[in-house]
Amino acid sequence: MTIQQLNILAVSGSLRTESFNRKALQIAKKIASELGADVREIDLKTLALPVFDEDLRAHGFPESVVTLKQAIESADILLIATPEHNHSIPGPLKNAIDWASDKTNPFSGKAAAIFGASTGLFGTLRSQLHLRQVLTALNVELVPQPQVFIRSAHEAFLPDGSLVDSKLMKQLHLLIQETLKLAQCKKENKVNVLNK
Ligand SMILES: Cc1cc2nc3c(=O)[nH]c(=O)nc-3n(C[C@H](O)[C@H](O)[C@H](O)COP(=O)(O)O)c2cc1C
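Residues numbered from 1 in each chain as written. Predicted model: local features only at pLDDT ≥ 70, side-chain atom pairs only at ≥ 80, totals over all residues.

Participant: Hey, could you run me through the overall build of the protein in this one?
Facilitator: On a plain count of helices and strands, the protein comes out with seven helices and six strands. Ordering the α and β elements of the protein from the N terminus gives β-α-β-α-α-α-β-α-β-α-β-β-α. Oriented by its inertia axes, the alpha-carbon framework of the protein measures out at about 45 × 45 × 25 Å. Taken across its 196 residues, the protein has 38% of its residues classed as buried. By sequence separation, contacts in the protein at least 24 residues apart represent 79% of the contacts at least 6 residues apart. (Helix = DSSP H or I, 4+ residues; strand = E, 2+ residues; numbered from the N terminus. Buried ≥ 20, exposed ≤ 12 C-beta atoms within 10 Å, placed from the backbone. Contact = placed C-beta atoms within 7 Å.)

Here it is as structure tokens:
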């Protein structure tokens, strides 16, 4: 198999500056870089998408939406750290996905690695189930295992931003490694099909 450069787009589903998910995302980005991927992050707080409204789009997509769509388009893999709000995907992340998938679907054919941190005992299990379902609807592939749930997030990080639990760290590493393999296969198959 020819090794090709894989581009990753990293997104935190939390806008909060001191967010646990932002912290987890930084760890995941570092792992992905060390594994050889080209990683860039898009910050939903800076992007400041409007609330989804088809009347707005009737005048053309807002610039922030165009930026988001292009960023997704140019990635092979999405790396998403999601919080859990009321047992589901937090509004800002769902809003971003809805805008990005409106009219055209830049997600189609990508791979994604999702994980998340919450202060609750289930560590975003329920929001990840919903996110997996939404991404699958957009033709995104996710490895079935491992799933990474950072529970009691207020106690999960050391002052230097690393995870207290080394087992979780290993799971996150494996999740990213397996997702890179999946994306590599997808890219390889695409090239093979085009060459036929
Ligand atoms: C509106 C709201 C709903 C929440 N619902 C849940 C929940 O369903 N499950 C959970 O584990 N934590 C829930 N939390 C707590 C979050 O896990 C906690 O705020 C966490 O720090 C959010 O992630 P962040 O630090 O990345 O912003 C909720 C928080 C808010 C503000």
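Participant: When you look at the packing of helix α4 (residues 63-73) against helix α5 (residues 91-100) in this model, what are you seeing that I'm missing?
Facilitator: Axes are the key here: two packed helices are described by the angle between their axes and the distance separating the axes. The N-to-C vectors of α4 and α5 enclose an angle of 80°; their axes lie 9 Å apart at closest approach. Of the possible angle classes, the one that applies to α4 and α5 is roughly perpendicular. In this structure, α4 uses V65, L68, K69 and I72 to contact α5, whose residues at the interface are A96, W99 and A100. Residues of the contact of α4 with α5, tallied by class, amount to six nonpolar, no polar and one charged. (Axes fitted to C-alpha atoms, helices over the stretch in contact; angles between N-to-C directions. Parallel < 35°, antiparallel > 145°, perpendicular 65-115°, else oblique. Nonpolar A, V, L, I, M, F, W, Y, C, P; charged D, E, K, R; others polar.)

Participant: For this particular structure, what's the right way to read the site of the ligand?
Facilitator: Around the ligand there are 16 residues in total, and S14, S19, N21, S118 and G120 lie nearest to it. A per-class count over the shell around the ligand returns five nonpolar, nine polar and two charged. (Near = placed C-beta within 6 Å.)

Participant: Explanation requested: the environment of F115 in the structure shown.
Facilitator: Structurally, the position occupied by F115 is in strand β4 (residues 111-117). Separated by 90 residues in sequence, F115 and L25 place their C-alpha atoms 8.8 Å apart. Residues contacting F115, with those up to four places away along its chain left out, are A24, A28, A81, V148, L172 and L175.

Participant: Would you take a moment to explain helix α6 (residues 125-137) for this structure?
Facilitator: Residues spaced three or four apart along an α-helix face the same direction, because each turn holds 3.6 residues. Between its first and last C-alpha atoms α6 spans 19 Å; for 13 residues at 1.5 Å apiece the expected length is 18 Å, and the two agree. All of the buried residues along α6 are S127, Q128, L131 and L135. Down the axis of α6, the buried side of the element spans an arc of 95°, and every buried residue falls inside it. With respect to the buried face of α6, the exposed residues turned more than 90 degrees away are Q133, T136 and A137. Next to the buried residues of α6 lie β3 (77-81), β4 and β5 (141-142). Looking one or two residues past α6, N139 carries a phi angle of roughly 65°, positive in sign. (Expected span 1.5 Å × (residues − 1). Arc of directions from axis to C-beta.)

Participant: Before we go on, may I ask you to explain α4 in this structure?
Facilitator: Every buried residue belonging to α4 is among V65, L68, K69 and I72, and all of these are buried. Buried residues of α4 fall within an arc of 100° about the axis and therefore sit on the same side. Residues E63 and V66 are exposed on α4 and point more than 90 degrees away from its buried face. The secondary structure elements touched by the buried residues of α4 are β1 (7-12), β2 (38-42), α2 (44-47) and α5.

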